[in-house]
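Structural overview
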Amino acid sequence: MAALRVLLPLVRGPLRPQPRCAALRRFASGADFQYIITEKKGKNSNVGLIQLNRPKALNALCNGLMTELNQALEAFEKDPAVGAIVLTGGEKAFAAGADIKEMQNQTFQDCYSSKFLSHWDQLARVKKPVIAAVNGYALGGGCELAMMCDIIYAGEKAQFAQPEILLGTIPGAGGTQRLTRAVGKSLAMEMVLTGDRISAQDAKQAGLVSKIFPVETLVEEAIRCAEKIASNSKIVTAMAKESVNAAFEMTLTEGNRLEKKLFYATFATEDRKEGMTAFVEKRKASFKDQ
């Protein structure tokens, strides 16, 4: 959930469609989406790219956008050629938050009975690795969306915040939970209780972001990382992702137990056999995702 209204007075100048970097300008949608653009990228077309595309609203996360995002995620999840996914926005905003106009008149009964925002969680359930390429504002729901991804790359001008407190509410899509696990209690509490933003540099220092790149090269760098991930065994990659994510849900003993089971499970795959054989024979492995 995010404070788009809080953001708007702080943006200088009139809102206009945000300019796209050269890497994004040539992207074309292969599906009939209104709020997002999708395409396969990479030399082997093994990276699924999803670009949030509501520039006049700074990519505010309306219900229609989230529905389309989930459809695109499901399509890439089922595509055997895709090994990793990149999620990005525009140069000015990754996503400035939830669409406040859509939730302004919601009641407790509406939220509780409809499980409001529960469909946002699909991103966190995707088995394939997802990289968030964040330029500009990642506020409220935008920050929460980025934190649902497995890796966050940031443009040098990116800003992160959970400003829901300024609207008289709190984060509702994982902001208090994932942010605390990523940056620790003190900084998370400060951000949630004040609504203050942090820069890409501060986010990297705190552990929220793994790497920072120039605005114009961010998406290409994210695609490059996704290509590297996609070149590995998809089934073993899914096991590795499951094991790392378990570290946030389990005790150390439980996590180590799960890791050992998944490690043993790789020995039931042809890809584990191929990987070790290729290493011994000093050649590049040819994984078959089996």
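Higher on the page you've got the structure.
A quick note: this is a predicted structure, and the numbers were derived from the prediction, not measured.

Reading guide: rules and limits
Residues numbered from 1 in each chain as written. Predicted model: local features only at pLDDT ≥ 70, side-chain atom pairs only at ≥ 80, totals over all residues. Heavy atoms only, no water. Helix = DSSP H or I, 4+ residues; strand = E, 2+ residues; numbered from the N terminus. Buried < 20%, exposed > 50% of the residue type's maximum accessible area, 1.4 Å probe, protein only. Contact = heavy atoms within 4.5 Å. Areas by Shrake-Rupley, 256 points an atom, 1.4 Å probe, with all protein chains shown as cover. Core = buried A, V, L, I, M, F, W, Y, C linked by side-chain atoms within 4.5 Å. Polar contact = N/O pair within 3.5 Å; in protein donor to acceptor, adjacent residues only side chain to side chain.

**Side note on the overall build of the chain**
- A tally of helices and strands in the chain yields 14 helices and 10 strands.
- Relative to its full complement of 290 residues, the chain shows a buried share of 46%.
- Here the contacts in the chain between residues at least 6 apart in sequence split such that 71% fall between residues at least 24 apart.
- Looking at the chain as shown, the accessible area adds up to about 15000 Å², and 54% of this sits on carbon and sulfur atoms.

**Section: the nonpolar core**
- Among the nonpolar cores identified, the biggest contains 49 residues, and Leu87 and Phe160 are the most heavily contacted of them.
- Tallying contributions element by element places helix H3 (residues 63-78) first for this core, with six residues.
- When neighbours within four sequence positions are excluded, Leu87 is seen to be in contact with Ile50, Leu52, Leu69, Phe94, Leu123, Val130, Ile131, Ala132, Ala133, Leu145 and Cys149.
- One finds Tyr153, Val219, Ile223 and Ile229 within the second-largest nonpolar core, a separate group that totals 15 residues.

**Re the side chain of Glu274**
- You can see Glu274 is positioned in helix H14 (residues 270-280).
- At a separation of 2.7 Å, a polar atom in the side chain of Glu274 contacts the side chain of Arg283.

**A word on helix H7 (residues 141-148)**
- By the criterion of burial, H7 is predominantly enclosed, with eight of the eight residues buried.
- Along H7, the residues that are buried comprise Gly141, Gly142, Cys143, Glu144, Leu145, Ala146, Met147 and Met148.

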